[in-house]
Every structure is written in C-alpha cells, then in structure tokens.
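# Survey of secondary and tertiary structure
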Amino acid sequence: MAKDFQASKPIYIQIAEHLSSQIVRGEMKAGDKLPSVREMAIQSGVNPNTIQRTYSEMERMGIVETKRGQGTFVTESEQVLQVVKIQLQTEIIGAFVQNMKELGFSHEEMIQGLQKYFGGEQG
C-alpha cells in the first residue's frame, strides 16, 4: 500500500480511510485479521506508531476490535460496517458536490448531469 500521502490530512487518518474502503469493498471481510502493526508499517512505508494510532482510531470508531495476544480484527457487526459504508458515501458525494460547485454548476445542473450519466450507462 506504500503510497504518497496528502499533506492536508494526517497520515493515520488516510490509512484508516484506505482500510475502511477495503472493508466496504469487501476486500476485507467481517472477522478478518488485519496485518500486525509492524507488517502494516512496512507495507505503508510509515512508522509503526502511525499504524498503532490508525488501529486505535479505527477501534475507537468500532470498525476493528483488538483481541489481546491475537491481533486486530475487522468487526463482525454488520450494523457498524453499514454505518462506515454510509459515511464513506457521504464523504464522496460531498467532495463531488464541492468540486462541481467550484466549477460553477448548480444543484439542478448536477442532478441533470447525473441523470444523463446514469441514463447513458448500459447495465
């Protein structure tokens, strides 16, 4: 996962968002074990303390659960996972709307553009 990080957002938040996206996409399923802090730090190219903070934040949010001596696991709560999915959707839509506003589009023009886009899709 080693990648370039945005300077505008803390790295641990960016990694948490990346992991959350993987969970929502089904690349990581409920109950799956996350890589150890050390493994994830190597994969991400960051300090292990950053990954520890990422895991702690995700645990605080209920997305993962740490089992002492076993590791960190994706929560098995479908309700929590659904909330994460909706939060990601809201963030993405917000960014889209903000970008469109900056380009001068009205809400009506955005909706028309989306309807045209989806109307032209084939299955």
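Look up a bit, the structure's there.
Residues numbered from 1 in each chain as written. Predicted model: local features only at pLDDT ≥ 70, side-chain atom pairs only at ≥ 80, totals over all residues. Heavy atoms only, no water.

## Observations regarding the pattern of salt bridges
Definition in use: We define a salt bridge as a contact between a side-chain nitrogen of Lys or Arg and a carboxyl oxygen of Asp or Glu at a distance within 4 Å. Here a helix means four or more residues in a row that DSSP labels H or I, a strand means two or more in a row labelled E, and each is numbered from the N terminus. For every residue, the accessible area (1.4 Å probe, protein chains only) is compared with the maximum for its type, and the residue is labelled buried under 20%, exposed over 50%, or partly exposed between those bounds.
Here the structure, examined in full by the defined rule, presents three salt bridges. In this structure, the salt-bridge partner of Glu17 is Lys9, at a minimum N-O distance of 3.1 Å. Residues Arg60 and Glu57 are paired through a salt bridge, measuring 2.5 Å at the closest nitrogen-oxygen approach. One end of the pair is Arg60 and the other is Glu57, both in helix α3 (residues 48–61) and three residues apart, which spans about a single turn. Residue Glu57 is classed as buried on the basis of its relative accessible area of 17%.

## A few points about a negative patch on the surface
Formally: Patches here: salt-bridge-free residues with over 30% relative accessible area, like charges joined within 9 Å, nonpolar side chains (Val, Leu, Ile, Met, Phe, Trp, Tyr) joined within 5 Å. Reported accessibility uses the Shrake-Rupley method at a 1.4 Å probe radius. Residues are deemed covered only where the shown protein chains occlude them. Lys and Arg are tallied as positive, Asp and Glu as negative. Neither His nor the chain termini are counted. We put the charge of a Lys on NZ, of an Arg on CZ, of an Asp on CG and of a Glu on CD.
A contiguous patch of negative charge, built from Glu59, Glu65, Glu76 and Glu78, is present on the exposed surface. Following the sequence through the fold, Glu65 ends up in strand β1 (residues 64–67).

## Focus on the nonpolar core
Most often, soluble globular proteins keep nonpolar side chains buried together rather than apart. Note the threshold: Here, the term nonpolar core denotes a set of buried Ala, Val, Leu, Ile, Met, Phe, Trp, Tyr and Cys residues that are joined through side-chain atoms within 4.5 Å. Should any heavy atoms of two residues lie within 4.5 Å, those residues are considered in contact.
By size, the foremost hydrophobic cluster in this structure holds 18 residues, and its most contacted members are Leu19, Ile23, Leu34, Ile51 and Met58. Apart from residues lying up to four places away in sequence, Leu34 is in contact with Leu19, Met28, Tyr55, Val64, Thr72, Phe73 and Val74.

## A closer look at helix α1 (residues 11–25)
Put simply, the rule is: Each helix should span, by expectation, one fewer than its residue count multiplied by 1.5 Å.
Its 15 residues place the ends of α1 21 Å apart at the C-alpha level, agreeing with the 21 Å of an ideal helix rising 1.5 Å per residue. Those residues of α1 that fall on the buried side of the exposure criterion are Tyr12, Gln14, Ile15, Ala16, Leu19, Ser20, Gln22 and Ile23. On its buried side, α1 packs onto α2 (37–44), α3, β2 (71–74) and α4 (78–102). Two residues or fewer after α1 comes Gly26, characterised by a positive phi angle close to 90°.

## Structural notes on the pairing of β1
The criterion, for reference: Note on pairing: two strands pair once DSSP finds at least 2 bridges between them.
In this sheet, β2 lies alongside β1 in antiparallel orientation, the contact comprising four bridges. Residue Lys67 lies in a different strand from β2, and its bridge partner there is Gly71. Taken together, β1 and the strand that follows it, β2, pair antiparallel across an intervening segment of three residues, in which Gly69 is found at a positive phi of about 80°.

## So, the packing of α1 against α3
What counts, and what does not: Helix axes are fitted to C-alpha atoms over the stretch in contact, other axes to C-alpha atoms as well, and angles between N-to-C directions run from 0 to 180 degrees. Oblique is the label for any angle not under 35 degrees, not over 145, and not in the 65 to 115 range, which are roughly parallel, roughly antiparallel and roughly perpendicular in turn. Left-handed describes a crossing whose near helix is turned anticlockwise from the far helix through less than a right angle; right-handed describes the clockwise counterpart. Think of it as three bins: nonpolar holds Ala, Val, Leu, Ile, Met, Phe, Trp, Tyr, Cys and Pro, charged holds Asp, Glu, Lys and Arg, and polar takes everything else, Gly as well.
Their axes nearest at 9 Å, the elements α1 and α3 cross at an angle of 55°. The orientation of α1 with respect to α3, classified from their angle, is oblique. Here α1 runs over α3; the crossing is right-handed. Packed against α1, whose contacting residues are Ile11, Tyr12, Ile15, Ala16, Leu19, Ser20 and Ile23, the element α3 presents Thr50, Ile51, Arg53, Thr54, Tyr55, Glu57 and Met58 at the interface. Across the contact of α1 with α3, the residue classes tally to nine nonpolar, three polar and two charged.

Everything listed here is a matter of geometry and, on its own, says nothing about what the molecule does.
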